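# Summary of structural features
Spelled out from the first residue to the last, the chains are:
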Amino acid sequence: MFWRVLTRTVRRVATRQELWNGNRETLRGALQSDGPVRWFFRTHWQRRRDTPAQAAAHPHLTLIRLRSPAQAAAWLRAQGSPAR
């Protein structure tokens, strides 16, 4: 997940991609306390610890773990949804 957050952030900063309403990601914004890179480090490990307990608390739900964009696209195709 880190590489996806990092590459998406770098791409948005480098290309000045518009996100919404004219807003653009900046390097300063990306590295601020509420920016995507620091958000990853602040939340990832806690979510990684909490997810198994949350899944166990809801055994009636099916947990599907997709480890790559290719796996996500294949799963969507199998569901009859067009992959992006």
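Relevant structure appears above.
The structure presented is a predicted model; accordingly, all values stated were derived computationally and were not measured.

With that settled, the discussion passes to the pattern of salt bridges. Considering all chains together, one arrives at two salt bridges under this definition. Across the salt bridge formed by glutamate 25 and arginine 12, the nearest N and O atoms sit 3.8 Å from each other. Here arginine 12 lies in helix H1 (residues 2-15) and glutamate 25 lies in the loop between strand S2 (23-24) and helix H2 (27-31), a separation of 13 residues in the sequence. With relative accessibility at 9%, the residue glutamate 25 sits in the buried group. Arginine 12 sits in the partly exposed class, given a relative accessible area of 23%. Put simply, glutamate 18 and arginine 24 hold a salt bridge, and the shortest N to O gap is 3.9 Å. Relative accessible area serves as the criterion here: at 35%, arginine 24 is assigned to the partly exposed category.

Rules behind the numbers
- Residues numbered from 1 in each chain as written.
- Predicted model: local features only at pLDDT ≥ 70, side-chain atom pairs only at ≥ 80, totals over all residues.
- Heavy atoms only, no water.
- Salt bridge = Lys/Arg side-chain N within 4 Å of Asp/Glu carboxyl O.
- Helix = DSSP H or I, 4+ residues; strand = E, 2+ residues; numbered from the N terminus.
- Buried < 20%, exposed > 50% of the residue type's maximum accessible area, 1.4 Å probe, protein only.

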